[in-house]
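Per-entry structural report
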Amino acid sequence: MRGKGHLVSSNPPGEARAPGPIWSEPGTLLEHVAVAVLGMDEEDRICYWGPGAQRLFGYEAGDVLSKPAATLFPAAPVDGTSAAERLAERGRTLGYWRVRMPALRQDGTVFDCGFRVFPVTGDRGRSVIVGLASRGDELDRVKTNLAFLDALFETCPIGLVMLDEDLRYAHLNQALADMDGIPIEDHIGRSVEDFMITSDGGEYQRMLHAVADEGRPVVSALVVLRTPGRPDRDQVRSVSFFPLSQAGDTRPGLGGLLVDVTDREQAIVEATAGRQRLALLDRAAARIGTTLDVDVTARELVGAAVPEFADASVVEVVEWMDEPEMFDPDMPLVTRRIASGTSLPPPAPELVGGLERVTYPPGSTIHETLRTGLPVCVPVNEEFMTRTVIHQARSRLLIDSGLTCLLIAPLIARGTVQGITMFGRSAARPAFTEQDLSLAGELASRAALCLDNARLYSQVQEIALTLQRALLPTNLATSPSLRIAHRYLPGSHLTEVGGDWYDVIDLPGGRVALVVGDVMGHGVPAAAAMGRLRITAKALARQNLEPDDLLAELDACAQEAGIELATCLYIRYEPETGRAHIANAGHPPPLVRRPNGTVRIIDDVLGVPLGVGGFPFGTIEIALHQGDILALCTDGLIEARGKDIDEGIEALRTQLAGVTGTLEERADSILTHLLPTGPTDDTVLLLAQVTERRHSPASTPTDDQA
């Protein structure tokens, strides 16, 4: 193939000579291989003489330019064709020719020389044969070294690797690929991090970066690791890494030698496995039991085990029919599966997640572990199927799932059997060891205690909720002058029952009392305190006390009962006068919506909470007209973390002004907009709309003045 280009003329005699235009790039193999560049014209005369040619042949440029190229070779052979003529002729006819032949130095010595010749078109259209020449012994040395490297990478039993500066695989041998369990081609271009799974906190990666960045070799460092190709096997490798010398402007990198010394360093493997188990237990302790929710706790246990400890896991709780919760090994056991997970392909997900209730016959492996209270490890075989798995279809799924052994641990806390947890491994992993049994027992013990805490908490929650519902009114008083809509929403299942309460009370003379209150705290004590205040308020209301006097009596009762902090809003409405008398003990203020859509916040009177004592309460009066709506609520509707209570009141004001429809529809709309994801705390909303107003002869109020 002919090329076109420009030849650079030689330096004139006497000038400093820079290296020629072609010189081997520096490197451990080629840095001493000089490449001489020369040119021959159409008459086979030397027309270009590079500095490399001067060093190789010994001639100054002025001594050879325009001289016959035959000057560089010994005498012509018998047939009369000189070596120079052969080079030029082959270069012109073949386009490129490579040959080894004797060459002649100026001092008369003959040496073996390697030539590459090819034609180039000069500036004026003349054809020039360019020759590249190097000493034959230096070329042989490079070939030998390259052959040695090729043989080394092909046959060396030690792992060899070349990494680029970003620690990506550039070259490796089959021995290292076999150690990793991953083909050579899958390594190339990928990072070391993709193949080295260590538990050293990143120390291995930091070591490699130090070699690359600082150029300091590492010799015979021991590293414990696993690879994705062999995830079930801990390996100990003796590794040596060194910086690669750069050739020209090529990128830097690392060279490495890796030897598998696992058998020799078995003690290190066992210690590493122990550290991994402790690390897993530490992480599980931090993850399990973050809430007092049974289902969440079970999912946390499964998440801690899969896939690091097992390929699959389930958690099942026992569904006791009645108290006391006693385990009878002679009776069938019914459990409810509340959490599951697997890293295996189908049908494993169907196996662990496709069943909600499980029945185990007497004599099953489950009965055995609950009877002894100790974890057991069993192979998935015919005996296990016969003793434990009732349904034929489930047996088939278990066999097809790929699980080969199961570790079953009891969930027992405070003498109460909570249930069981099962861990499964496939044939790709080693079977469970005694150390794994111990780890599973620790995990199960931790989870069982958290589950029991959640169970006891749920029982207390249920008691408090039952008590609160029993103490709240089931049927509110009715009045022809007011239409009532009320809502009570308990907090989320993660929040204890609070002390929110409300009531609508018929009073003599057709009057009606509206009461909303909130006791500080949660649980049974708050529910009990709420019940006492509600009953007391109802009794005091029927004694025809003024609202401020009623709150004063209620405050005294709260102090006697040891109720330290509670709020209460009391409103007495008189249809005859259209007046509402309002007293407030530290509670969020009521709002009044007029038929024209305007909303007023009645915050003119705000007293201290009940139970504080020592401060008087006040009463204000406002006029209510037909169609007006009173809105009373507890702080669960208007107060949230990160939101000021004034913002919540303003949001309620906006919603109250804009809602339409029946009173029930308005109540639902307000709750939907203000609590779109449900309440986080107990919430009360009470709406009262004036439907009828009877005027007494002595009073016809026309404004809202107190």
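Every chain begins its residue count from 1, and numbering advances along the sequence as written. Given that this is a predicted model, residues contribute local features only at a pLDDT of at least 70 and side-chain atom pairs are listed and counted only at 80 or more, while totals for whole chains, interfaces and linings are drawn from all residues. Only hydrogens and water are removed before side-chain values are computed, so all heavy atoms of the structure are retained for them.

Thoughts on the environment of valine 37
Where we set the bar: In this text, helices come from DSSP runs of H or I with a minimum length of four residues, and strands from runs of E with a minimum of two, each type numbered from the N-terminal end.
Topologically, valine 37 is positioned in strand β2 (residues 36–40). Expressed as a C-alpha distance, the spacing of valine 37 and serine 134, which sit 97 residues apart in the sequence, is 9.3 Å.

Considering the packing of aromatic side chains
Applicable threshold: Aromatic rings from Phe, Tyr and Trp, with only the six-membered ring used for Trp, were paired whenever their centres fell within 6.5 Å, and each pair was classed as stacked if the ring planes differed by under 30 degrees, edge-to-face if by over 60, and tilted otherwise. Think of it in three bands: residues with accessible area under 20% of the maximum for their type are buried, residues over 50% are exposed, and the middle band is partly exposed, with areas taken using a 1.4 Å probe on protein chains only. The rule for a charge over a ring is simple: NZ of Lys or CZ of Arg within 6 Å of the ring centre, and within 35 degrees of the ring normal.
Tallied over the entire structure, the rule returns six aromatic pairs. Relative to phenylalanine 195, the ring of tyrosine 169 lies with its centre 5.3 Å away and its plane at 90°, an arrangement referred to as edge-to-face. In this pair, tyrosine 169 is assigned in strand β8 (residues 169–172) and phenylalanine 195 in the loop between α6 (184–187) and α7 (203–214), connecting sequence segments 26 residues apart. Tyrosine 169 gets classed as buried once you look at its relative accessible area, which sits at 6%. Exposure remark for phenylalanine 195: the relative accessible area of 1% places this residue in the buried category. Between phenylalanine 309 and phenylalanine 423, the aromatic rings sit 5.4 Å apart at their centres with planes inclined by 85°, giving edge-to-face as the arrangement. Taken together, the positions of phenylalanine 309 in the loop between α9 (294–305) and β12 (312–318) and phenylalanine 423 in strand β17 (residues 416–426) put the pair 114 residues apart, joining distant regions of the chain. There is no split in this pair, since phenylalanine 309 and phenylalanine 423 are both buried. Put simply, the rings of Trp49, Phe57 and Phe111 touch in pairs and so form one group of aromatic residues. Directly above the aromatic system of tryptophan 97 lies the positively charged group of arginine 90, at a separation of 5.0 Å from the ring centroid. Positioned over the ring face of phenylalanine 309 is arginine 425, at 5.2 Å from the centre of the ring.

Section: the nonpolar core
In a soluble, globular protein the nonpolar side chains are often hidden away together inside. Rules: Residues enter a nonpolar core if they are buried and are Ala, Val, Leu, Ile, Met, Phe, Trp, Tyr or Cys, with the set joined through side-chain atoms within 4.5 Å. The contact criterion used throughout is that any non-hydrogen atoms of two residues lie within 4.5 Å.
In this structure, Phe309, Val315, Leu407, Leu411 and Phe423 are the most contacted members of the largest nonpolar core, which totals 31 residues. Sorting the residues of this core by element identifies α8 (266–287), α9, β12, β13 (333–342), β16 (403–413) and α14 (434–471) as the ones contributing at least two each. Tallying contributions element by element places α14 first for this core, with nine residues. Apart from residues lying up to four places away in sequence, phenylalanine 309 is in contact with Leu280, Leu407, Phe423, Arg425, Arg429, Phe432, Asp436, Leu439 and Ala440.

Side note on the sheet that holds strand β23 (residues 591–593)
Selection criterion: In short, DSSP must find at least two bridges between two strands for them to pair. With axes taken as lines fitted to C-alpha atoms, and helix axes fitted only over the stretch in contact, angles between N-to-C directions fall between 0 and 180 degrees.
An order of β18-β27-β26-β23-β24 is seen for the five strands of this open sheet, with the pairing classed as antiparallel. Looking at the sheet topology across the chains shown, the edges are occupied by β18 (482–489) and β24 (599–601). Between one strand and the next, the sheet's axes are offset by a mean angle of 15°, whatever the strand orientation. When strand β26 (residues 629–633) meets strand β27 (residues 683–690), the two strands line up antiparallel, connected through five bridges. Residue pairing in the sheet places leucine 630 in a bridge with alanine 688 of β27.

Examining helix α16 (residues 547–561)
Which entries qualify depends on this criterion: How far a helix is expected to stretch is found by multiplying one less than its residue total by 1.5 Å. Regarding the arc, it is the one traced by the directions from the helix axis to the C-beta atoms.
When the terminal C-alpha atoms of α16 are compared, their 21 Å separation across 15 residues agrees well with the 21 Å that a helix rising 1.5 Å per residue should span. Here α16 has its buried residues at Pro547, Asp548, Leu550, Leu551, Leu554, Asp555 and Ala558. Within α16, the buried residues cover an arc of 150° as seen down the axis, which keeps them to one side. Tucked into the core, α16 has its buried residues touching α15 (523–541), β21 (566–574) and β22 (579–585).

Structural notes on the packing of α15 against α16
Counted only if it meets this: By definition, any crossing whose near helix is turned counterclockwise from its far helix by less than a right angle is left-handed, and any crossing with a clockwise turn is right-handed. Gly is put with the polar residues, along with every residue not named as nonpolar or charged; the nonpolar set is Ala, Val, Leu, Ile, Met, Phe, Trp, Tyr, Cys and Pro, and the charged set is Asp, Glu, Lys and Arg.
One way to put it is that α15 packs onto α16 with a least axis distance of 10 Å and a crossing angle of 145°. Seen from above, α15 lies across α16 with right-handed handedness. When α15 is examined against α16, the residues Arg532, Leu533, Thr536, Ala537, Leu540 and Ala541 are found in contact with a partner set consisting of Leu550, Glu553, Leu554, Cys557, Ala558 and Ala561. Of the residues belonging to the contact of α15 with α16, the class tally is nine nonpolar, one polar and two charged.

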